[in-house]
Number of protein chains: 2
Amino acid sequence: MKEQITEWFKSLQDSICIAIEHEDGKGKFEEDNWLREEGGGGRTRILQSGNVIEKGGVNFSAVHGDVPDFLMKENPVSNSEKNTFYATGVSIVIHPHNPMVPIIHMNVRYFEMSNGAWWFGGGIDLTPHYVNEEDAVFFHSSLKTACDKHNTNYYPDFKKWADDYFFITHRKETRGIGGIFFDKLSQTTNCTKEQLFAFVQEIGNSFAPAYTSLMNKNKNLRYTEDNKQWQLLRRGRYVEFNLVYDKGTKFGLETNGRVESILMSLPSTAGWFYNYTPTPNSPEEKTLSFLKKGINWA
Amino acid sequence: MKEQITEWFKSLQDSICIAIEHEDGKGKFEEDNWLREEGGGGRTRILQSGNVIEKGGVNFSAVHGDVPDFLMKENPVSNSEKNTFYATGVSIVIHPHNPMVPIIHMNVRYFEMSNGAWWFGGGIDLTPHYVNEEDAVFFHSSLKTACDKHNTNYYPDFKKWADDYFFITHRKETRGIGGIFFDKLSQTTNCTKEQLFAFVQEIGNSFAPAYTSLMNKNKNLRYTEDNKQWQLLRRGRYVEFNLVYDKGTKFGLETNGRVESILMSLPSTAGWFYNYTPTPNSPEEKTLSFLKKGINWA
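Residues numbered from 1 in each chain as written. Chains lettered and ligands numbered in written order. Predicted model: local features only at pLDDT ≥ 70, side-chain atom pairs only at ≥ 80, totals over all residues.

A look at the sheet that holds strand S6 (residues 118-127) of chain B
All names here are of chain B. Test applied: DSSP calls a pair of strands paired once it identifies at least 2 bridges connecting them. Only DSSP runs of H or I reaching four residues or more are called helices, and only runs of E reaching two or more are called strands; each is numbered from the N terminus. Note on method: axes are straight lines fitted to C-alpha atoms, helices fitted across the in-contact stretch only, with angles between N-to-C directions ranging 0 to 180 degrees.
Strand order in the open sheet made by the seven strands is S1-S2-S3-S4-S5-S6-S9, with antiparallel pairing throughout. Two strands close off the open sheet at either side, each with one partner strand: strand S1 (30-35) and strand S9 (178-185). Neighbour-to-neighbour, the strand axes of the sheet open up by a mean angle of 10 degrees, direction not taken into account. Sheet topology note: the strand S5 (residues 103-113)/S6 ladder contains ten bridges and is antiparallel.

With respect to the environment of B:Glu54
Residues and elements named next belong to chain B. Defined as follows: A pair of residues counts as a contact when their C-beta atoms, built from backbone coordinates, are within 7 Å of each other.
Position of Glu54 among the secondary structure elements: in strand S3 (residues 53-66). Between the C-alpha atoms of Glu54 and Pro96, which are 42 residues apart in sequence, the distance is 4.9 Å. With near-sequence residues (within four places) excluded, Glu54 lies in contact with Ser49, His95, Pro96, His97 and Ser268.

Examining the relation of the copies chain B and chain A
Using the following cut-off: Copies overlap after least-squares fitting; the atoms used are the C-alpha atoms of residues with pLDDT of at least 70 in both.
With an axial shift of 0.0 Å and an RMSD of 0.0 Å, the rotation relating chain B to chain A amounts to 180 degrees. Taken together, the rotation and translation describe the operation of a two-fold axis. Mapped onto chain A, 100% of the interface residues of chain B again fall at the interface, so both copies present the same surface.

A few points about the sheet that holds strand S1 (residues 30-35) of chain A
Picture the strands of a sheet paired through backbone hydrogen bonds; they go either parallel or antiparallel. Residues and elements named next belong to chain A. Taken together, the seven strands give an open sheet; going across it, the order is S1-S2-S3-S4-S5-S6-S9, and neighbouring strands pair in antiparallel fashion. With partners counted over all chains shown, the strands left at the sheet margins are S1 and strand S9 (178-185), one partner each. Within the sheet, the average angular offset between the axes of one strand and its neighbour, ignoring direction, is 10 degrees.

Things to note about the nonpolar core
The test is simple: Think of a nonpolar core as buried Ala, Val, Leu, Ile, Met, Phe, Trp, Tyr and Cys residues, each tied to the set through C-beta atoms within 7 Å. Whether a residue is buried, exposed or partly exposed follows from its count of other C-beta atoms within 10 Å of its own C-beta, namely 20 or more, 12 or fewer, or something in between, respectively; the C-beta atoms are built from the backbone.
Counting residues in each nonpolar core, the largest one holds 145 residues, and the members touching the most others are A:Ile16, A:Phe158, A:Ile180, B:Ile16, B:Phe158 and B:Ile180. Filtering out sequence-adjacent residues up to four positions away, A:Ile16 remains in contact with A:Val58, A:Ile92, A:Phe207 and A:Ala208.

Shown next as structure tokens:
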């Protein structure tokens, strides 16, 4: 079944790239195919300097090899023979020019080991530079709709998981307004692999309509130089999360993944201003007030 | 003796700030005093928007409290009572406007535990956006001179330690041209605490003359928009090192240090351009060729 899953992830990459190029109206994804020395490889697609998108990556990969030591510790096997793994998925991060258009991230992935263990994982979360409540409700509602078709516990459970995962501990703030996050969904959920795959497909398919809608709604909004400065600062926080906490980044760097594909998630520019404090009652202060766990958007 | 060491670190902060302000000619350090909930605090000094310096921090801190779990694992003690620690030091990172002026970092620190263990640590390294061989020789020679007054093994040993420490593993490149790095210098070196303190003072005192000389020599050099773009990229690498590998940053974030003081090391702006490849025979390519271990500059 891993071939079927792999092929579907490839087709998801294709359809998302088409939808985003269409909404952008100018930018085109450039493709780099790469091989991993230890096994497998990927198809990295990067769009830079579009109309709406400043830098975005929609990446497919399928890699295999010996299970890295840090994963062996988490998943000890009884026999002493070397365990091998197969991992495939699609990873997306999009940074727009206009600070009124949110940053988005999605990852959907499948992992299996030669000892028979397998699981699905994934997540999708939105990072508005300025939180717009209408957009936040729309985004979370679209995720809830997708989740509810499969299990009405998924949205509340995976929304909470996202709140906990996309959290910048040292800043005591969430990365953005969250979304959903799930990991190690396997037979222990009492679902079959087919059922879990159908759920992951539902989430994957929900990405393009949700994000192109947000691009379309916000791309022509006007912004100031101050808004751009604040965007730099929010992008700086995004960099902090990805380099300090993100498990996908860590896994990629520790398994000798392709650095340029992993770090495509970082923005073209980011900034750090010492001890920035927002003006009282400003849109920046309002946005910070929304960067916390447990807000019920849907 | 910890009071004496602490006072000296404060005086080092003072003298370095004066020397840098003088060479900058415009910027002034702003001071923030802060307290750490669990014990101790610090004196953060930040200079922004100077003539030469875009953003620089010269920070003193002295913190104490229960030894964090991750340090207890590294330093197990025989008795079961809770161990406490005291840590003091000066940390400096300076990002200049002009890409022809190098970034510099220094840290000197003293650590002791209630079980009697104590040690000194420190490091100083230079990160030129463009490697200038004359400057590299000057910088390393000044470190070698300082080291040789105390032990002729120090420079070769600590230079190699810096090559290994200031290394961005996933990029397979050093952060800059290195310098020296040392840690856990204690009675096991066959030196007294006084002798090791004298060495640390020598290193601390070597900072201002070396860096102000490099500021002065390079601050009026002309540069292009392309040079600024390359500076953004090199600053991006600096961010990668500090957030992924730097132990001081990790220690600070994990011991509930003051985030704005710890992350003052990050530049005002940084950039990431997908799959950047330097033009053959360009100054950028030449610089990359110097970002490796084992170059004998002194």
